[in-house]
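# Architecture and fold: a report
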Amino acid sequence: MTEPLAKPKKKNPVQRTRLATLPPGPRSRAALGLTRAAAEGVFELQVCADCNAVQYPPREVCGSCLSERLDWKPVDNHGELIATTTLRHSNDLYFRERLPWRVGTVKMNAGPSVVAHVHEDCSEPGEGDVRVRLALKLDRSGQAVLHALPEKDTPNMNDSPQLRESTCDPEFRRVLVTDGKSAVGMGVAKAMLEAGASTVFLCDSSTWKTVPAFDALVASDERIQAVELDVTDTDSVDRLAASIGGKVDILVNTAAHMRDGGIVGRKDINLARDAMEVNVLGLMRLAQAFGPGMSFRAADGTNNAVAWVNVLSIHAFAALPERGAWSASIAAALSASQTLRAELRGAGVRVMNVFPGPIDEEWEQLTPPPKLAPSAVAKAIVKGLQEGLEDVYVGDIAEELRARLRENRKAVERELGDSVGN
Amino acid sequence: MSLTLPPRPRLGYDGVVAAVPVTIPYVRYSTHSAHWWLGRALAELIRGAGLAKSDVDGVCVSSFTLGPDTAVGLMQHLGMSPRWLDHIPMGGASGVVALRRAARAVQAGDAEIVACIAGDTNHVDSFRNTVSQFSRFAQDAVYPYGAGGPNASFALLTDHYMHQYGATREDFGKLCVAQRDNALKNPHALMKKPLTLAQYLEARPITDPIHLFDCVMPCAGAEGYLVMTEERARALKLPMVRIRSTIERHNAFPEDPIQFRGGWAMDRDALYEHAGVAPADVDFVETYDDYPVINMLQFEDLGFCAKGEGPTFVREHRFTIDGSFPFNTSGGQLSVGQAGAAGGYLGLVQALRQLTGRAGDTQVQGARIGLVSGFGMINYDRGLCSGAAVLERGDVR
Amino acid sequence: MTNPIPNPILSQFLAELLSGRLKLVDLTQTLTPEFPIIQLPPEFGQPWPFRIEEISRYDERGPAWYWNNFSMSEHTGTHFDAPIHWVSGKDLPDNAVDSLPIEHCIAAACVIDVSQEAAANPDFLLTIEHVKAWEDKHGSIPERSWVLLRTDWSKRTTPKEYLNMAADGAHSPGPDAEVVPWLIRERKVHGFGTESIGTDAGQAHHLNPPYPCHYYMHGNSRYGLQCLTNLDQLPAQGAVIFAAPLKIRNGSGSPLRVLALTPAQ
């Protein structure tokens, strides 16, 4: 059984920090279908539309009937572990530093045999229950890999070092929440503490404003440290990074600016600029201030820097014209996050984007339900980190809008525009 | 719907022979490129046969490290103008497959003399580069899992085989020890020290259950032989080897969840029937031995024992040159070294030596019929190419 | 070449300044991103705080020079309010920072010290009675004088203390609704200046009219100065203020450097 994770000791300040290495990242384009599925936390393989054969490794044409109609579909992720090996040697720097490493062959119920990372709680073939479930997860290179897990959860299974290489579990990690006075920010802080975070740096961008819930939260748990941060102020961001940048293992950017208002009808671009200042330039300021330090610490022991979370909106993909300037800023933030993802991938720091539907907070007062409780968004963030996701869609509205976009982007454009166009 | 026509009889290899086995002595690391090794092999073939360079009108090449060149670029590099050229990227099956291709070309008159050469260099980082870019499936679905390379893949097959059929490390060790014994008689072998079973068992683990002496040592080297008509071989006064039969198969048994058999199991009956010999008639066997478990698969799949009886077969025989089952008489790759694609020629070239009486201290006395088998290309989770050839001394008819 | 005959007043002024008999006092807060700005209900348009981004600092972005871009509103930091700032002054002539008569940039100042009252009561409102009591002590307010309200508010260094927000809004001192028109009518003052974030009190939206200092001063072509500091270094009477806003076309106000000339004590 997996040993529960021990609280990491204080870092030896005169020991050289281990630099980040990455597992092998090159993949064929078809194999990036696995990466897409892993990024969202679904288990999908190619299935032949003509003969239903499940394909693995990913192919261009069906290995059974040569059809080119290979669709990515959810398939049964269960199977039997039929062979294992424990590597005690590797030619790859990343694995050399993490030996021994267990891999195995799983015969899937769905058909193919797959090579997978094997969880330490899986029994050896011939020595116990060989049934396993497979999960597609991103490794530190940001590419999908298969993990064979015990069929049923085992105690502390998420603490297994091999599995932790594919996840960004907050347990014993230090989390920076960039706006701690928002409902979502406070929810994230609470959820992180529940998930075992060792410290939550809770940012206060308006020290002049008394928010009793914030004060109560800060007083409620000694793991919370209130710090000042205004993401529109480069100096403030730099100051905080200089102070605690070396201790941030997970950064959750909850700083947000949302106001109603379209584009044509407004007399000025001040609101748009305010939104851009927070939602886009704030993200960039944080990236410039915290990105290098997190990259440097991406392999720094148990509590290494692992993840950067952007709380965006499903409207990053489709503008809501009633909030035209805000929509533009969120779309720009999504774009910036993609660059950030590319830039942090070299160190293995994951950028997780969160796309909620409407959240039940002051600026969504007139939005009809269903609306997400801020705590639900926070829980989705923690779960996404625990599972190691890259894209998290939160709530029914987000999922529905996503489905509608897949069906007909143009229709969504018209539909979302109806409320201001008529 | 498939067309139902009566099976066609296969032609024999009458009138075609192999000759002039050459080995360019292996080294652990080389600063030369693959072109050097292949060029040296070709030069040795020409010198050994007493030919002019222009007499060689067919060339068959195998190499992992020739890139970005192919056989075509190599021809300009070597100043050759062959009228028949082939490039066989089949790793451990390359030797047998090259023989098949060349023999048919000569038999059909498309070429008169085909030089079959395989060679690779080995720089300090060659092996890592080869493994990390070996194939698309390996890149997508194996290498990211620990980057163990072939060690890890064969560890899985070995693990499964041991569970399934009760093979023990001692069984594998017996084969490795016997091959080392043979290698000590082969001046080309890189391994020069004796190996005991105790040393084998105590070796450090590499990837369970594979330990150090289950692994081949990557090195640089080249191998080659000529294929020509029997008539020309006689004219050149070259000792020759006849080809009784050959087989090849690729991606056999794709439905097997893990590899416990190779393509030989599909084709061995056809092989022996075509060759007109039975397993019992074979005087020595040269298998592709990248890992000892693959030897056991070949004993079974080539009909020396039933599936699953490999361990018992190993316990019942001695595999040294003078043993009850002379086997991998050069020492095999496990003790000679694995010179890339040349490793796929090792068994065939050694068999040609045995059957032309040039095997020196490794000579199996009275060897008349030899069986060579090849196995190559662990593209994803299993070796895909298999081949075998039944060869016969050329001076016995 | 002959020296032009210097103007005796200017040359004496310079001589007094250089000798230290005249003292310059800087009434300006340093512009920093942290310096608070007025907080309006969030659904309203908001002034930009001071923000600064380095353009280059002797580096690859500019090898031999250091400079910054900055942004802020017309009403950020120590700043000047022109009549056009308020709806009551919107139609007055020469009511913007670019058009106001430049001689208005220099005026005398009376400093009314209510720092003790403000310390005791952050909602302290200046009344006519207070002013009259001050005049009894220091003489009457001369025509065309700034009236500067010393509250020591500038000594509140954190935004929280400075803005002094509660659930019912900001709490900071200012004039009441009667004293402002009285100062204009009876004393013909030049404008009104404070150390806090506005010329009006924090709770001035509850006065009648709301924000009386803005309403009356700007409705009568008078000016405002806010976020001043160092008022404790000025005499009650006798200082001269140099306060020239940036020349922004149709600007409603501007950040500026406010300098006071006072006799050395």
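Residues numbered from 1 in each chain as written. Chains lettered and ligands numbered in written order. Predicted model: local features only at pLDDT ≥ 70, side-chain atom pairs only at ≥ 80, totals over all residues.

## Re the overall build of chain A
- On a plain count of helices and strands, chain A comes out with 11 helices and 15 strands.
- For 422 residues, the compact-globule estimate of 2.2 N^0.38 gives 22 Å, and the C-alpha radius of gyration of chain A, at 23 Å, lies within 12% of that figure.
- For the C-alpha atoms alone, the extent of chain A along its principal axes is close to 70 × 60 × 30 Å.
- Taken over 422 residues, chain A has a buried fraction of 51%.
- By sequence separation, contacts in chain A at least 24 residues apart represent 69% of the contacts at least 6 residues apart. (Helix = DSSP H or I, 4+ residues; strand = E, 2+ residues; numbered from the N terminus. Rg over C-alpha atoms; globule rule 2.2 N^0.38 Å. Buried ≥ 20, exposed ≤ 12 C-beta atoms within 10 Å, placed from the backbone. Contact = placed C-beta atoms within 7 Å.)

## Quick word on the overall build of chain B
- From N to C terminus, chain B includes 14 helices and 11 strands.
- Once the C-alpha set of chain B is aligned to its principal axes, its extents read approximately 55 × 55 × 45 Å.
- The long-range fraction of contacts in chain B, counting pairs at least 24 apart against all pairs at least 6 apart in sequence, stands at 79%.

## Some words on the pairing of strand 1 (residues 44-48) of chain A
All names here are of chain A.
- With four of five residues buried, strand 1 lies mostly within the body of the structure.
- The sheet contact formed by strand 1 and strand 3 (residues 70-74) spans five bridges and is antiparallel. Each residue of the ladder has a partner; that of glutamine 46, found in strand 3, is tryptophan 72.
- With two bridges joining them, strand 1 and strand 2 (residues 54-55) adopt antiparallel strand pairing. Each bridged residue has a counterpart across the sheet, and for glutamine 46 the counterpart in strand 2 is glutamine 55.
- The turn linking strand 1 back onto strand 2 is made up of five residues, and asparagine 52 within it adopts a positive phi angle of 65 degrees. (Pairing = 2+ DSSP bridges.)

## Structural notes on the packing of helix 5 (residues 179-187) of chain C against helix 6 (residues 212-219) of chain C
All names here are of chain C.
- It is at 8 Å that the axes of helix 5 and helix 6 come closest, and there the two elements cross at 20 degrees. With respect to their mutual orientation, helix 5 and helix 6 come out roughly parallel. Here helix 5 runs over helix 6; the crossing is right-handed. Only Pro212, Cys213, Tyr216 and Met217 of helix 6 make contact with helix 5, whose side of the interface consists of Val180, Pro181 and Ile184. (Axes fitted to C-alpha atoms, helices over the stretch in contact; angles between N-to-C directions. Parallel < 35°, antiparallel > 145°, perpendicular 65-115°, else oblique. Left-handed = near helix turned anticlockwise from the far one by under 90°.)

## A short note on helix 5 of chain C
All names here are of chain C.
- All of the buried residues along helix 5 are Val179, Val180 and Leu183. For helix 5, the buried positions fall inside an angular range of 110 degrees around the axis, keeping them on one side.
- On the buried face of helix 5, the contacting elements are strand 6 (125-126), helix 3 (128-138), strand 7 (145-150), strand 10 (174-175) and helix 6.
- Remark: lysine 188 follows helix 5 within two positions and exhibits a positive phi of approximately 50 degrees. (Arc of directions from axis to C-beta.)

## Some points on the domain arrangement of chain A
Residues and elements named next belong to chain A.
- Examined at the domain level, chain A breaks down into domain 1 (32-164) and domain 2 (174-417).
- For domain 1 and domain 2, the distance between their C-alpha centres works out to 31 Å.
- In this assembly, nine residues from domain 1 lie in contact with nine residues from domain 2.
- Considered class by class, the residues forming the side of domain 1 that touches domain 2 number two nonpolar, four polar and three charged. (Domains from an automatic or database assignment. Nonpolar A, V, L, I, M, F, W, Y, C, P; charged D, E, K, R; others polar.)

## A few points about the interface of chain A and chain B
- With 34 residues of chain A in contact, the opposing surface of chain B contributes 30 residues.
- Elements that contribute at least two residues to the side of chain A that touches chain B include exactly strand 4 (78-87), strand 5 (101-108) and strand 6 (113-118) of chain A.
- A per-element tally of the side of chain A that touches chain B places strand 4 of chain A first, with six residues.
- In terms of residue class, the side of chain A that touches chain B is built from 16 nonpolar, 13 polar and five charged.

## Points about the sheet that holds strand 11 (residues 383-393) of chain B
All names here are of chain B.
- The sheet built from nine strands is open, its strands ordered 3-2-4-7-1-8-11-10-9 with mixed pairing. The open sheet has two edge strands, strand 3 (84-87) and strand 9 (284-286), and neither has a second partner. Strand-to-strand twist of the sheet, defined as the mean angle between neighbouring strand axes without regard to direction, takes the value 20 degrees.
- Where strand 10 (residues 369-378) and strand 11 come together, nine bridges link them in antiparallel fashion. Directly across from glycine 374, in strand 11, lies its bridge partner glycine 387.
- Those strands touched by helix 2 (residues 71-78) are strand 2 (58-62) and strand 3, and its axis lies near 125 degrees from that of strand 3.

## Let's talk about the nonpolar core
- Judged by nonpolar contacts, the single largest core of 256 residues is most densely connected at Val114(B) and Leu226(B).
- Mapped onto the domain boundaries, this core takes at least three residues apiece from domain 1 (32-164) and domain 2 (174-417) of chain A.
- The next biggest cluster of nonpolar side chains, apart from the first, holds 53 residues, and it includes Phe80(C), Leu163(C), Ala170(C) and Cys213(C). (Core = buried A, V, L, I, M, F, W, Y, C linked by C-beta atoms within 7 Å.)

## Remarks on the interface of chain A and chain C
- In this complex, chain A contributes 11 residues to the contact, which on the side of chain C involves 11 residues.
- Looking at the side of chain A that touches chain C element by element, the count peaks at three residues for helix 6 (residues 234-244) of chain A.

## Some thoughts on unusual backbone geometry
- Between Tyr56(A) and Pro57(A) the backbone carries a cis peptide bond, its omega angle lying at -5 degrees.
- Within the secondary structure layout, Pro57(A) lies in the loop between strand 2 and strand 3.
- Here the bond from Gly67(B) into Pro68(B) is cis, since omega is 5 degrees, no more than 30 degrees from zero.
- Summarising the element assignment, Pro68(B) is placed in the loop between strand 2 and helix 2.
- One non-glycine residue, Lys237(B), adopts positive backbone phi at about 60 degrees.

## Describing the packing of helix 6 of chain A against helix 7 (residues 270-296) of chain A
Residue and element names in this part refer to chain A.
- Across the interface, helix 6 lies against helix 7 with an axial gap of 9 Å and an inter-helix angle of 15 degrees. It follows from the interaxial angle that helix 6 and helix 7 lie roughly parallel. With respect to the hand of their crossing, helix 6 and helix 7 are arranged in right-handed fashion. The segment helix 6 lies against helix 7, with Thr234, Val237, Asp238 and Ala241 engaging Arg285, Leu286, Ala289, Phe290 and Gly293.
- Here the residues of the contact of helix 6 with helix 7 sort into five nonpolar, two polar and two charged.

## Observations regarding the pairing of strand 4 of chain A
Residues and elements named next belong to chain A.
- Of all 10 residues in strand 4, eight are buried, a share of seventy percent or more.
- The pairing of strand 4 with strand 7 (residues 131-138) spans three bridges and is classified as antiparallel. Residue pairing across strands places histidine 78 opposite arginine 133, the latter belonging to strand 7.
- One ladder, built from eight bridges, connects strand 4 with strand 5; its direction is antiparallel.

## A word on the sheet that holds strand 11 (residues 191-194) of chain C
Residue and element names in this part refer to chain C.
- On the basis of which strands lie adjacent, the open sheet formed by nine strands has the order 1-15-13-5-7-11-12-4-14 and mixed pairing. What marks the edges here is a single partner per strand, and that holds for strand 1 (22-26) and strand 14 (253-255). The average angle at which neighbouring strand axes cross in this sheet is 25 degrees, direction not considered.
- Where strand 11 lies against strand 12 (residues 223-226), three bridges are found, and the strand directions are parallel.

## A few points about helix 6 (residues 150-165) of chain B
- Its 16 residues give helix 6 of chain B an end-to-end C-alpha distance of 22 Å, which sits within 8% of 22 Å, the value for a rise of 1.5 Å per residue.
- Just beyond helix 6 of chain B, the residue with positive phi is Gly166(B), at close to 75 degrees. (Expected span 1.5 Å × (residues − 1).)

## Some remarks on the environment of Ile243(B)
All names here are of chain B.
- If you trace the backbone, isoleucine 243 turns up in strand 8 (residues 240-250).
- In sequence terms isoleucine 243 and valine 314 are 71 residues apart; their C-alpha atoms lie 28 Å from each other.
- If we ignore the near neighbours within four places in the chain, the residues touching isoleucine 243 are Tyr13, Val16, Ala18, Leu99, Ala103, Ala389 and Leu391.

## Considerations on the environment of Pro187(B)
Residue and element names in this part refer to chain B.
- Its location among the elements puts proline 187 in the loop between helix 7 (169-183) and helix 8 (197-202).
- Residue classification places proline 187 among the exposed positions, given that 12 C-beta atoms sit within 10 Å.
- Between the C-alpha atom of proline 187 and that of glutamate 273, which follows or precedes it by 86 residues, the distance is 36 Å.

## Topic: the environment of Val351(A)
All names here are of chain A.
- Secondary-structure assignment places valine 351 in strand 14 (residues 350-356).
- For the pair valine 351 and leucine 70, spaced 281 residues apart in the sequence, the C-alpha separation amounts to 29 Å.
- With sequence-adjacent residues up to four places away left out, valine 351 is seen in contact with Trp308, Ser337, Leu340, Arg341, Leu344 and Glu390.

## Focus on the arrangement of the chains
- Taking contact number as the criterion, the leading pair out of two pairs of chains in contact is chains A and B.
- The two units chain B and chain C never meet; even their closest C-alpha atoms stay 38 Å apart.

## Overview of the confidence of the model for chain B
- In the predicted model, chain B carries a mean pLDDT of 96, and the fraction of residues at 70 or more is 99%.
- Interface scoring of the predicted complex returns ipTM 0.94; its pTM is 0.93. (pLDDT = per-residue confidence, 0-100.)

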